[in-house]
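# Fold and contact review
Chain residues, written in single-letter form:
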Amino acid sequence: MTHTPALPIALIQLEVPPAHVVARIGEQPRWFIDALDLQPDEYLIVRPHLGEALPAFDQISGAILSGSWAMVTDHADWSERSAAWVRAAIDASLPLLGVCYGHQLMAYALGGEVADNPNGWERGLLPVTCGAQAQRDPLLRRLPPTFSAWLSHRQSVLTPPTQAQVLAASERDGCQIIRYSPQALSVQFHPEFSSPIMRACLPDGSGEVAGVMEGKDWARELLTAFWQQTRPSIEQAQGA
């Protein structure tokens, strides 16, 4: 029997980190590759900010939209092009996970409001609290009512899209997890982060950040669960 290679997951890199971050820990796709222990044939890196074309939906199993030092409200051409792709991906039922900037971009693309967080810069290892609906969500139902996650953002989703479900919040941000469709959701926190990544992402690259992850990293579990969720779509594409 001929083996058909699995479709890769697209890692949509949204802009480039500052030079001191890149020097220490690389660019955003590397953090997801390491967090998920992805092999070279399991992912495709796409950089819209370099003019690269966003992938055709039948060529990938799903997509993760990364964080960024850019702002959604700047409406950069690459960001607006990515937002249009998100809308089409939702219509095509492609599995999508937005992270931080990717979270805000997905909400904006689907009609939500993104702006500066009136509660200020949310940064560090902080508690995220799930709402009652999260217990009925197939991807989130294993999460505890409250878990710790790494956060670093100045802008937030202030108003979610009309048909979206807000499934978790933090003290400073009411939209920590948003579900848009059975295949698509986004998170304001960084499930791909670790303490070294968080420290490297501080403005001077050398500061201390409060918090030590104790017990299971539930944000990372969510990331892994999303990755695993893309696998059935691969089997269907192969006719398994």
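Residues numbered from 1 in each chain as written. Predicted model: local features only at pLDDT ≥ 70, side-chain atom pairs only at ≥ 80, totals over all residues. Heavy atoms only, no water.

The protein is annotated in an unreviewed UniProt entry as GMP synthase from Pantoea conspicua.

Under the criterion given, the structure shown has five aromatic pairs. An angle of 70° between the planes, with centres 6.5 Å apart, marks the rings of Trp-31 and Trp-69 as edge-to-face. Of this pair, Trp-31 sits in helix α2 (residues 28-36) while Trp-69 sits in the loop between β3 (62-65) and α3 (77-91); the two residues are 38 residues apart in sequence, bridging distant segments of the chain. Here the aromatic rings of Phe-57 and Trp-85 are separated by 5.6 Å at their centres, their planes lie at 50°, and the arrangement is tilted. (Phe/Tyr/Trp six-rings, centres within 6.5 Å; stacked < 30°, edge-to-face > 60°. Helix = DSSP H or I, 4+ residues; strand = E, 2+ residues; numbered from the N terminus.)

Before going further, it helps to spend a moment on helix α4 (residues 101-109). Burial of α4 is extensive: eight of the nine residues sit out of reach of the surface. Every buried residue of α4 is accounted for by Tyr-101, Gly-102, His-103, Gln-104, Leu-105, Met-106, Ala-107 and Ala-109. Directly beyond the C-terminal end of α4, a positive phi value near 105° is found at Gly-111. (Buried < 20%, exposed > 50% of the residue type's maximum accessible area, 1.4 Å probe, protein only.)

Turning next to the side chain of Gln-188. Inspection of the secondary structure assignment puts Gln-188 in the loop between β11 (184-187) and α5 (195-200). Gln-188 sits in the buried class, given a relative accessible area of 0%. Looking at Gln-188, its side chain comes within polar contact range of the side chain of Gln-104, at 3.1 Å. Discounting residues that sit within four places of it in the chain, Gln-188 has contacts with Cys-100, His-103, Gln-104, Leu-151, His-153, Gln-155, Ser-156, Asp-173, Cys-175 and Gln-176. (Polar contact = N/O pair within 3.5 Å; in protein donor to acceptor, adjacent residues only side chain to side chain. Contact = heavy atoms within 4.5 Å.)

Time to look at the sheet that holds strand β9 (residues 165-169). Here nine strands make up an open sheet; going across it, the order is β2-β1-β3-β4-β11-β10-β9-β6-β7 and the pairing mixed. Each having just a single partner strand, β2 (43-46) and β7 (146-153) make up the two edges of the open sheet. Strand-to-strand, the axes of this sheet are offset by a mean angle of 25°, without reference to chain direction. On top of the sheet, α3 reaches β3, β4 (96-99), β10 (177-181) and β11; it is set at about 145° to β4, its chief contact. Each of β3, β4, β7, β10 and β11 touches α4; the most contacted strand, β4, lies at about 120° to it. (Pairing = 2+ DSSP bridges. Axes fitted to C-alpha atoms, helices over the stretch in contact; angles between N-to-C directions.)

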